[in-house]
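# Analysis of the macromolecular model
Here is what each chain is made of, one letter per residue.
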Amino acid sequence: TSIFAAPHIKNHIERLISKDVITGDLANKWKERAKEKKYADDLIKDAENGDAKALYKLGKKYLTGDEFFKKDIKEAYVNLFKS
């Protein structure tokens, strides 16, 4: 019996899903969450680079909160003001 580090397993599952070896509802949810995570990461990166639209969108995300952005009124207003 072997024990693998969690990142190793996660990366392996991602490869299998991206190659459509694993399919179905859970695979589709995994793909959708990966897209949402990439969007969140890109939004933060663009906002850090001073993109006004990204700052505005990031401010709204912090204002309402969601899976990737913890609700933070102060951070929301900082980003909205910068936009």
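Residues numbered from 1 in each chain as written. Predicted model: local features only at pLDDT ≥ 70, side-chain atom pairs only at ≥ 80, totals over all residues. Heavy atoms only, no water.

### As for unusual backbone geometry
A positive phi angle, near 60°, is found at D20, a position not held by glycine. Its location among the elements puts D20 in the loop between α1 (6–18) and α2 (25–48). Overall, the relative accessible area of 45% leaves D20 in the partly exposed class. (Helix = DSSP H or I, 4+ residues; strand = E, 2+ residues; numbered from the N terminus. Buried < 20%, exposed > 50% of the residue type's maximum accessible area, 1.4 Å probe, protein only.)

### Regarding the packing of helix α3 (residues 52–64) against helix α4 (residues 73–82)
Between α3 and α4, the shortest axis-to-axis distance is 7 Å and the interhelical angle comes to 160°. It follows that α3 is roughly antiparallel to α4 by the angle criterion. Note on packing geometry: the crossing formed by α3 with α4 is left-handed. Seen from α3, the contacting residues are L55, Y56, L58, G59, K60, Y62 and L63; seen from α4, they are I73, E75, A76, Y77, N79, L80 and K82. Of the residues in the contact of α3 with α4, the class split is nine nonpolar, two polar and three charged. (Axes fitted to C-alpha atoms, helices over the stretch in contact; angles between N-to-C directions. Parallel < 35°, antiparallel > 145°, perpendicular 65-115°, else oblique. Left-handed = near helix turned anticlockwise from the far one by under 90°. Contact = heavy atoms within 4.5 Å. Nonpolar A, V, L, I, M, F, W, Y, C, P; charged D, E, K, R; others polar.)

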